[in-house]
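Fold and geometry: a report
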Amino acid sequence: MPAFCRQADDGLVLFVRLTPKSSRDAIEGPAETADGRCHLKARVRAVPENGKANAALEKLLAKQLRVPAGSVSVTGGSTSRLKTVTVANADKDVLVRLSGFAAEK
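These numbers come from a predicted model, not from an experiment.

Basis of the calculations
- Residues numbered from 1 in each chain as written.
- Predicted model: local features only at pLDDT ≥ 70, side-chain atom pairs only at ≥ 80, totals over all residues.
- Heavy atoms only, no water.
- Salt bridge = Lys/Arg side-chain N within 4 Å of Asp/Glu carboxyl O.
- Helix = DSSP H or I, 4+ residues; strand = E, 2+ residues; numbered from the N terminus.
- Buried < 20%, exposed > 50% of the residue type's maximum accessible area, 1.4 Å probe, protein only.
- Pairing = 2+ DSSP bridges.
- Expected span 1.5 Å × (residues − 1).

Counted according to the given criterion, the structure contains 4 salt bridges. Arg-45 serves as the salt-bridge partner of Asp-25, at 3.4 Å between the closest nitrogen and oxygen. Here the residue Asp-25 occupies a position in the loop between strand S2 (11-19) and strand S3 (26-32), and Arg-45 occupies one in the loop between strand S4 (38-43) and helix H1 (52-65), the gap between them amounting to 20 residues. Residue Asp-25 is classed as partly exposed on the basis of its relative accessible area, which comes to 34%. In this structure, Asp-35 engages Arg-37 in a salt bridge whose closest nitrogen and oxygen atoms are separated by 3.2 Å. Residues Asp-35 and Arg-37 agree in their burial class; the two are exposed. Each of Arg-24, Glu-28 and Arg-43 takes part in a single network of salt bridges with overlapping partners.

Rendered as structure tokens:
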């Protein structure tokens, strides 16, 4: 399992660093903060107003992981760059795709 995620009772929990107002929507792979915590870097074109960037992140992750949009939700850090995202009912295929993000670094 990649270092930027962990198993939870209701699915997978991902740690994501989001950059809003980017020129494109993309998942850029894993990275570490200065204190050594690992996260997945993502960027979206949406602005960080009224939850638009969070919604764009949920949509982007759902598309990249090939899961229903309703199963991805920002559950922590809604106003921060560092976010906690839950992917409900994640199966082995989702873990394989997440491992692919880790391998792209």
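Relative to strand S6 (residues 82-88), strand S5 (residues 72-76) runs antiparallel, the two being bridged by 4 bridges. Bridging across to S6, Ser-73 finds its partner in Thr-86. What sits between S5 and S6 in their antiparallel hairpin is a turn of 5 residues, with Gly-77 showing a positive phi close to 75 degrees.

Quick look at the environment of Ala-53 now. Positionally, Ala-53 belongs in helix H1. Judged by relative accessible area, which is 5%, Ala-53 ranks as buried. For the pair formed by Ala-53 and Asp-35, sequence separation is 18 residues and the distance between their alpha carbons is 25 Å.

Moving on, we come to the pairing of S6. Where S2 and S6 come together, 7 bridges link them in antiparallel fashion. Each residue of the ladder has a partner; that of Gly-11, found in S6, is Ala-88.

We now examine the environment of Val-72. As for its position among the elements, Val-72 is in strand S5. Residue classification places Val-72 among the buried positions, given a relative accessible area of 2%. Note: C-alpha distance between Val-72 and Asn-89 (17 residues apart in sequence) is 9.6 Å.

What follows concerns H1. The α-helix advances 3.6 residues per turn, and as a result positions three or four apart in sequence lie on the same side. Its 14 residues give H1 an end-to-end C-alpha distance of 20 Å, which sits within 8% of 20 Å, the value for a rise of 1.5 Å per residue. Of the positions making up H1, those classed as buried are Ala-53, Asn-54, Leu-57, Leu-60, Leu-61, Ala-62 and Leu-65. Immediately beyond the C-terminal end of H1, within one or two residues, lies Arg-66, with a positive phi of roughly 60 degrees.

Any link to function would need more than the numbers given here.
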